[in-house]
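Here are the chains, one letter per residue:
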Amino acid sequence: LNSVVLECLIQSNRTIFPNLTQIPTIVTTFFFNNKRIKEIPQYAFKTNSNLKHIELMNNLIETIHNKSFFNLINLESLILSRNKLRKLSKFMFSEFKNMKHLDFGSNSIEIIEYGCFENLTKLNFLILEKNSLQIIEKNVFFGLNNIEIVGLNNQKLAKLSSFMFNNLFIKGNLDLSQNLISLI
């Protein structure tokens, strides 16, 4: 038995994240979609270090604390698409030494702090499509050494900084389509 999937099918109008301390440690995949939660509290996954995949799609998540993903040292995939996130902060992903896939598509992200992706040296796929980015600061992608796909399409980007992609070596595709960019 290599992996155990837990999909929470509970219908709920609650906006509070569930207490995960009762989840067996053998669970490696956790789905909690369409639940209307607004926040991922600090240390939400502190007893779930064996999780490799988390999917929290189509919720109302606005807030992720710097320690929300504490102790997720084995996490490889995090999908937070179709939420209400506005900002990705510097220390949000500091635990993710094995992360390969991050999906923040269809949120309201306006700000990505410098150093946000700094420790994600194994990341292959970064999906940020359909957000509200107008500017991406220089070196924001610093540390992404194995990236294959970066999806920045459907933003409000009008201008690209000459240093925006410093130290970023994309092995596959950089999608900047459907932005307001007129000159590169």
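Note that this is a predicted model, so its numbers are computed, not measured.

Rules and cut-offs
Residues numbered from 1 in each chain as written. Predicted model: local features only at pLDDT ≥ 70, side-chain atom pairs only at ≥ 80, totals over all residues. Heavy atoms only, no water. Salt bridge = Lys/Arg side-chain N within 4 Å of Asp/Glu carboxyl O. Helix = DSSP H or I, 4+ residues; strand = E, 2+ residues; numbered from the N terminus. Buried < 20%, exposed > 50% of the residue type's maximum accessible area, 1.4 Å probe, protein only. Phe/Tyr/Trp six-rings, centres within 6.5 Å; stacked < 30°, edge-to-face > 60°. Contact = heavy atoms within 4.5 Å.

**Quick look at the pattern of salt bridges**
Once the charged atoms of two side chains with opposite charge are near each other, the side chains can pair. Under the counting rule described, the total for this entry stands at two salt bridges. For Arg86, the salt bridge is made with Glu110, and the minimal N-O distance between the two is 3.2 Å. In this pair, Arg86 sits in the loop between β6 (77-79) and β7 (87-88) while Glu110 sits in the loop between β8 (101-103) and β9 (111-112), placing the two residues 24 residues apart along the sequence. Using a relative accessible area of 47% as the deciding quantity, one classes Arg86 as partly exposed.

**A short note on the packing of aromatic side chains**
Inspection of the entire model under this criterion finds nine aromatic pairs. Seen from their ring centres, Tyr43 and Phe70 are 5.2 Å apart, and the 75° between their planes marks the pair as edge-to-face. On the criterion of sequence distance, the pair formed by Tyr43 in the loop between β3 (39-40) and β4 (53-55) and Phe70 in the loop between β5 (63-64) and β6 is long-range, its members being 27 residues apart. The class for Tyr43 is partly exposed, based on a relative accessible area of 38%. With a centroid separation of 5.6 Å and an interplanar angle of 25°, the aromatic rings of Phe93 and Phe96 are classed as stacked. Judged by its relative accessible area of 1%, Phe96 is buried.

**Some words on the side chain of Ser132**
On the secondary structure map, Ser132 appears in the loop between β10 (125-127) and β11 (149-151). Non-local contacts of Ser132, meaning those with residues more than four positions away in its chain, are made with Ser108, Ile109, Glu110, Gln155 and Lys156.

**A few points about the environment of Leu75**
Positionally, Leu75 belongs in the loop between β5 and β6. In this structure Leu75 comes out as buried when scored by relative accessible area, which is 0%. Along the sequence, Leu75 and Asn48 sit 27 residues apart, while their C-alpha atoms lie 9.9 Å from each other. Residues within four places of Leu75 in sequence aside, it is in contact with Leu51, Lys52, His53, Ile54, Phe96, Asn98 and Met99.

**Section: unusual backbone geometry**
Notably, Asn71 is not glycine yet its phi reads approximately 80°, a positive angle. Tracing the sequence through the fold places Asn71 in the loop between β5 and β6. Given the relative accessible area of 23%, Asn71 is considered partly exposed. Of note in this structure, Asn154 is not a glycine but carries a positive phi near 60°. Within the element layout of this structure, Asn154 appears in the loop between β11 and β12 (173-175).

Any link to function would need more than the numbers given here.
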